Amino acid sequence: MLTVYFQALLLILSMGFVTWLYSLKKHNVNSVDSLWSLMFLAASIVYLVNAAEITPRNLLLISLVSLWSIRLSVHLMVRNWNHEEDLRYQAIRANNEPFAWKSLYIVFGLQGLLAWIISIPLLFALQNPGAWLWLEALALGLWVIGFYFEAIADWQLYRFKRNPDNQGRVLDSGLWRYSRHPNYFGEFCIWWAFYLFALSSGAWWTVYAPLLMTFLLLKVSGVVMMEKTITRRRPDYQRYIESTNAFFPGLPHPVTQYSFREE
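Okay, so let's go over this structure.

The rules behind each value
- Residues numbered from 1 in each chain as written.
- Predicted model: local features only at pLDDT ≥ 70, side-chain atom pairs only at ≥ 80, totals over all residues.
- Heavy atoms only, no water.
- Helix = DSSP H or I, 4+ residues; strand = E, 2+ residues; numbered from the N terminus.
- Buried < 20%, exposed > 50% of the residue type's maximum accessible area, 1.4 Å probe, protein only.
- Contact = heavy atoms within 4.5 Å.
- Areas by Shrake-Rupley, 256 points an atom, 1.4 Å probe, with all protein chains shown as cover.
- Lys, Arg positive; Asp, Glu negative; His and termini not counted.
- Charge placed at Lys NZ, Arg CZ, Asp CG, Glu CD.
- Patch = residues over 30% accessible without salt bridge, like charges linked within 9 Å, V, L, I, M, F, W, Y side chains within 5 Å.
- Salt bridge = Lys/Arg side-chain N within 4 Å of Asp/Glu carboxyl O.
- Core = buried A, V, L, I, M, F, W, Y, C linked by side-chain atoms within 4.5 Å.
- Polar contact = N/O pair within 3.5 Å; in protein donor to acceptor, adjacent residues only side chain to side chain.
- 1 Å grid on protein atoms, 1.4 Å probe; cavity = no way out; pocket = protein on both sides within 12 Å on 5 of 7 lines; lining within 4 Å.
- Points joined across faces, edges and corners; volume = space filled by probe spheres on them.
- Nonpolar A, V, L, I, M, F, W, Y, C, P; charged D, E, K, R; others polar.
- Axes fitted to C-alpha atoms, helices over the stretch in contact; angles between N-to-C directions.
- Parallel < 35°, antiparallel > 145°, perpendicular 65-115°, else oblique.
- Left-handed = near helix turned anticlockwise from the far one by under 90°.

Attention now goes to the overall build of the protein chain. Along its length, the protein chain carries 11 helices and zero strands. Along the protein chain, helices (α) and strands (β) appear in the sequence α-α-α-α-α-α-α-α-α-α-α when read from the amino end. With the principal axes as the frame, the protein chain shows a C-alpha extent of 60 × 45 × 25 Å. For the protein chain, with 263 residues in total, the buried portion stands at 48%. Considering only contacts in the protein chain between residues 6 or more positions apart, those separated by 24 or more positions represent 79%. As displayed, the protein chain has an accessible area near 13,500 Å², and 66% of this comes from carbon and sulfur atoms. Within the protein chain, one finds 21 positive and 17 negative side-chain charges whose respective centroids are separated by 3 Å.

What follows is the structure, given as structure tokens:
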């Protein structure tokens, strides 16, 4: 199984290298965002084809990974198409010249390594049969909730930003009325669902993978980083922070009835 795990690493790093070459031509590393979820799909395919047996259970799981991965990748590709480099990467570029070469390991290599580490519950879930059907039913239900939150929230934000009348406004309706980051909450649910499949296969110790993903979503590239830049650009976003849960959905405070506009 360890050999299979390292085969996935080799494939992930190869994908990162090819996409890095593309980023050199574009002078823009946004492509790593749409690559991220595809790395998990590639690793999962390696795990599946090396499984001792192809069962309805692991076909279901690879279908869930594929649906999540492809939807997220396409969404991020459309969102970033012909846009300037994301502010996160602009800041990294400014502090790491010559960035063209350093981005190979700072951006693409690092994200590939993280994807490989976080993918380990999928390795055990796809390689080993599950023992508890009720746990897998719970995992499927949690995945459905997560996919709904992530996909619908992304769609609502995409439509909101495409409307010129919303320039300078903050989206506080739909799922965004109950959480400031419903898409990240959805991602959180999906990865804990994948872990439950691994738990059913006996790999309880792979819990570090969803914990690491949760940490990334909350403290690194997710909530904290996003809100740091938004608050700086939109002073009235602070009122939205005070009225709406950051991550886990909950009923909003009455202050969400106010109109939020950028100054």
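So, about a nonpolar patch on the surface. Nonpolar side chains collect at one region of the surface, where Phe17, Val18 and Leu21 lie side by side and expose about 270 Å² of accessible area between them. Structurally, Phe17 can be placed in helix H1 (residues 2-26). Classification of Phe17 as partly exposed rests on a relative accessible area of 41%.

A general feature of soluble globular proteins is that nonpolar side chains tend to end up buried together. Formed by 72 residues in total, the largest nonpolar core has its most connected members in Tyr47 and Phe194. Looking at which element gives the most residues to this core, the answer is helix H8 (residues 182-200), with 13 residues.

Looking at where Ser44 falls in the secondary structure, it is placed in helix H2 (residues 31-49). For Ser44, a relative accessible area of 0% puts it in the buried group. At 2.8 Å, the side chain of Ser44 and the backbone oxygen of Phe40 are in polar contact. With residues up to four places along the chain from it excluded, the contact list for Ser44 reads Ile62, Val65, Leu122 and Leu126.

The subject of this paragraph is the layout of surface pockets. A volume near 310 Å³ is recorded for the second largest pocket. Lining the second largest pocket are 16 residues, and of these Tyr22, Asn30, Ser31, Asn80 and Trp81 sit closest to its centre. Within the residue set of the lining of the second largest pocket, elements represented by two or more residues are H1, H2 and helix H3 (56-80). Classifying every residue of the lining of the second largest pocket gives six nonpolar, nine polar and one charged.

On to the packing of helix H6 (residues 120-127) against H8, then. In the contact formed by H6 and H8, the axes pass within 8 Å of each other and the chain directions differ by 40°. One way to sum up the angle between H6 and H8 is to call them oblique. Considering the relative orientation of H6 and H8, their crossing is left-handed. Across from Pro121, Leu122 and Ala125 in H6, the residues of H8 making contact are Trp191, Phe194, Tyr195, Phe197 and Ala198.

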